[in-house]
Amino acid sequence: MSYILEAAGLNTFYGRSHILFDVSLAVSSGETVCLMGRNGAGKTTTFRSLIGLTPVKLGKVMIKGKDCSRLPAYKRARLGIGFVPEDRRILGPFTVRENLGLGRIPGRSGIWNEETVLEQFPLLVHLMDRLGGTLSGGEQQLLTIARALISNPDVLLLDEPTEGLAPVVVAVLKDLVLNLKKAGITILLSEQNIRFATSVSDRAVVIDKGHVVFTGTMEEFKREESVQKKYLAV
Ligand SMILES: Nc1ncnc2c1ncn2[C@@H]1O[C@H](COP(=O)(O)OP(=O)(O)O)[C@@H](O)[C@H]1O
Ligand SMILES: [Mg+2]
């Protein structure tokens, strides 16, 4: 079995604090996998370890079968990991068009360019000349996803995309993720919002205190009410 993205036995520390304990997960081509867990469970740390923003002490990260555990973040991005951070990081003094353009990565090409990306994000079309800093939280979230998509990633990582968003924006995001799936994009997202996660994902990985405590299909996850109660706020 070859995976687009694979983490095997990740152990990550912040200083002396041991945060991730043998975290393993794998994402196959075309799949949407959701990493679920409470605040502080280790979702963002897992993503940072995957993309190379936080070093992994023990364990392996593989992109399309290539061990990239020791590669810096920009090289992993070139290999095809696109990342949408929790805190969005839109540049306020730059226009939406400029922010979008910053997502391009030299040497990576594919079907996604300004035109094809905007087809997926009709709400951004009329905002292209606005300054990033004037966008609402929901518009900024859409822009960060569009900015990651324009790099033509092989796998798109979305860290808690629905966090802090109004239900109407969450509904827009749900349609967007389902459309990206139809377009064949491979996605790894993290969520605490079980409804959103179950409506867009094929498989679930649940993390608690830095340990993976469940891996299975979404159907299996839905049946595991004890897992939901024990490890997620339900
Ligand atoms: N920069 C940091 N330095 C030290 N500890 C951190 C840092 N960032 C996060 N942590 C700790 O690591 C654990 C996992 O955090 P995080 O990965 O952000 O969880 P989640 O994204 O699931 O909310 C938490 O206990 C958190 O307090
Ligand atoms: Mg987080």
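Residues numbered from 1 in each chain as written. Chains lettered and ligands numbered in written order. Predicted model: local features only at pLDDT ≥ 70, side-chain atom pairs only at ≥ 80, totals over all residues. Heavy atoms only, no water.

As annotated in an unreviewed UniProt entry, the protein carries the name Amino acid/amide ABC transporter ATP-binding protein 2, HAAT family and comes from Desulfomonile tiedjei. Comment text from UniProt for the protein, heading Sequence similarities (unreviewed entry), reads "Belongs to the ABC transporter superfamily." (UniProt positions renumbered as here; feature names shortened; annotations may be inferred.)

Counting secondary structure elements, the protein contains ten helices and ten strands. For 234 residues, the compact-globule estimate of 2.2 N^0.38 gives 17 Å, and the protein sits close to it at 17 Å. The principal-axis extents of the C-alpha atoms in the protein amount to approximately 45 × 40 × 35 Å. Of all 234 residues assigned to the protein, the portion counted as buried reaches 51%. (Helix = DSSP H or I, 4+ residues; strand = E, 2+ residues; numbered from the N terminus. Rg over C-alpha atoms; globule rule 2.2 N^0.38 Å. Buried < 20%, exposed > 50% of the residue type's maximum accessible area, 1.4 Å probe, protein only.)

Every residue lining ligand 1 is accounted for by Y14, I19, R38, N39, G40, A41, G42, K43, T44 and T45. Within the backbone of G40, a nitrogen or oxygen atom sits 2.7 Å from an oxygen atom of ligand 1. In this structure, an oxygen atom belonging to ligand 1 sits 2.5 Å away from a side-chain N or O atom of T45. Here ligand 1, which alone exposes 560 Å², has 56% of that area covered by the protein. For the shell around ligand 1, the element with the highest residue contribution is helix α1 (residues 43–51), accounting for three residues. For the shell around ligand 1, the class distribution of residues is three nonpolar, five polar and two charged. (Near = heavy atom within 4 Å. Polar contact = N/O pair within 3.5 Å; in protein donor to acceptor, adjacent residues only side chain to side chain. Areas by Shrake-Rupley, 256 points an atom, 1.4 Å probe, with all protein chains shown as cover. Nonpolar A, V, L, I, M, F, W, Y, C, P; charged D, E, K, R; others polar.)

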